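# Survey of secondary and tertiary structure
Each chain, letter by letter, is given below.
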Amino acid sequence: MADLRLPALRWAEPPEGPVLVLLDQTRLPAEEAELVCTDVPGLVAAIQSLAVRGAPLLGIAGAYGVALAAVRGYDVTEAARQLAEARPTAVNLAYGVGRARDAYRSAGGDGAAAARAALAEARALHREDAQGSERMAGAGLGLLSELLPGGGYRLLTHCNTGALISGAHGTAFAVVRAAHLAGELRRLWVDETRPLLQGARLTAYEAAREGMPYAVLPDAAAGSLFAAGEVDAVLIGADRIAADGSVANKIGSYPLAVLAKHHGVPFIVVAPVSTVDLATRDGAAIQIEHRPGQEVTEVRPGVPVAPVGAQAYNPAFDVTPPELVTAIVTERGVVAPVDHGNLTNVCSETRSSESGTGSGMMKA
Ligand SMILES: CSC[C@@H](O)[C@@H](O)C(=O)COP(=O)(O)O
């Protein structure tokens, strides 16, 4: 079964008024339950609790959140500010919020027509994400066949990057899925992704629904897997890519990049151009979200594993420097991140170039 029974997110207009309906990711895989957001504080809470999460979907949710504020007659500027600040690392959130807010302002900044413009922009972003996901899947599969001509890939992924974070099949997971559909996926290694288990709970859920050959491993077991020669490539998504090609992604991505380099394995980042932030100079300038210590000291909310009062270090993301990244797959093609001109070029490509799914490294 290819697709989720419930979409990751949908706009609905029941008689009581428009709402944004989220598939509550905190309850997966035990149950597919929806969470209905009627206002911006509710959506901000859903973003912060990770009921809705993953960089591309945060952008889409943020855009719909602005539309929700607009159609319900709230202060759109303030709503946009609250949404954009809900989580700091994934640049897509501020990007999606900004697009809907700008559309609202361009349509007069008040009233029904402006609200319709914000909603239309959110829907456009949602569609673009779906189209971009398909292009990344094609480009990523092309890259895999170039890098690993023998086929039969054993791929390692981290966190969750599939249909749960996308209007289609996601970022890195869309490439894995394309490999599976092409009959070339021998094994998907799924990092459990401590502490919130996006891999064990969500990626395994998606892989199972797709009928993939997959196995979950503790993050700390990745080294032994590389040492045993069981990994052909690492595929991850990104929350923000700085101008120098540094990649912020879920905590635990950087150690995988170091392992991949040590073992001569390609480390591939799959992300839409909206994740590239040319205004952030380098990795050191990326703001990393730090989350409550209880996510580490408790095995689940209210069930402690560490002694009472234990301190915790709980960054949600880390930064992988460009020299450890083999390639960045975008919807506009594949770039080598160490050459700074490549990222600038791929971001400034005209939309007409988006029809291409070429997997060749773009020249700076
Ligand atoms: C979904 S594409 C890339 C990233 O957003 C993803 O890998 C990730 O790190 C998500 O983190 P999360 O804290 O679950 O929102």
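Residues numbered from 1 in each chain as written. Predicted model: local features only at pLDDT ≥ 70, side-chain atom pairs only at ≥ 80, totals over all residues.

## Some words on the UniProt feature "active site" (unreviewed entry) in the chain
If you check UniProt for "active site" (unreviewed entry), the listed places come out as D239 in our numbering. Along the chain, D239 falls in the loop between strand 7 (233-236) and strand 8 (240-242). Not counting the four nearest positions on each side in its chain, D239 is found in contact with A55, T89, A90, A248, N249, T275 and F317. (UniProt positions renumbered as here; feature names shortened; annotations may be inferred. Helix = DSSP H or I, 4+ residues; strand = E, 2+ residues; numbered from the N terminus. Contact = placed C-beta atoms within 7 Å.)

## Brief notes about the pairing of strand 1 (residues 9-12)
Pairing geometry for strand 1 and strand 2 (residues 19-23), over four bridges, is antiparallel. Counterpart to L9 in the pairing with strand 2 is L22. Between strand 1 and the antiparallel strand that follows it, strand 2, lie six residues; G17 among them carries a positive phi value of about 130°. (Pairing = 2+ DSSP bridges.)

## Quick notes on the site of the ligand
Every one of the 16 residues lining the ligand counts as a neighbour, but R53, G54, A55, G237 and K250 are closest to it. Within the shell around the ligand, the residues separate by chemical class into seven nonpolar, six polar and three charged. Both domains that meet at the shell around the ligand, namely domain 1 (9-128) and domain 2 (134-355), each give it at least three residues. (Near = placed C-beta within 6 Å. Nonpolar A, V, L, I, M, F, W, Y, C, P; charged D, E, K, R; others polar. Domains from an automatic or database assignment.)

## So, the domain arrangement of the chain
By the assigned domains, the chain splits into domain 1 (9-128) and domain 2 (134-355). Here domain 1 and domain 2 have C-alpha centroids that lie 25 Å from each other. Taken together, the contacts link 20 residues of domain 1 with 26 residues of domain 2. Secondary-structure elements contributing two or more residues to the side of domain 1 that touches domain 2 are helix 2 (55-71), helix 4 (91-106) and helix 5 (111-147). The biggest single contributor to the side of domain 1 that touches domain 2 is helix 2, with five residues.

## Re the pairing of strand 15 (residues 327-330)
When a strand is regular, its side chains alternate between the sheet's two faces. The two faces of strand 15 match: A327 and V329 on one face and I328 and T330 on the other face are all buried. Across three bridges, strand 10 (residues 267-270) lies against strand 15 in parallel orientation. Bridging from a neighbouring strand, V270 pairs with V329 of strand 15. Summarising the sheet, strand 15 and strand 16 (residues 333-335) pair through three bridges and their orientation is antiparallel. Bridge pairing links T330 to G333 in strand 16. Counted along the chain from strand 15 to the antiparallel partner strand 16, the turn is two residues long. (Buried ≥ 20, exposed ≤ 12 C-beta atoms within 10 Å, placed from the backbone.)

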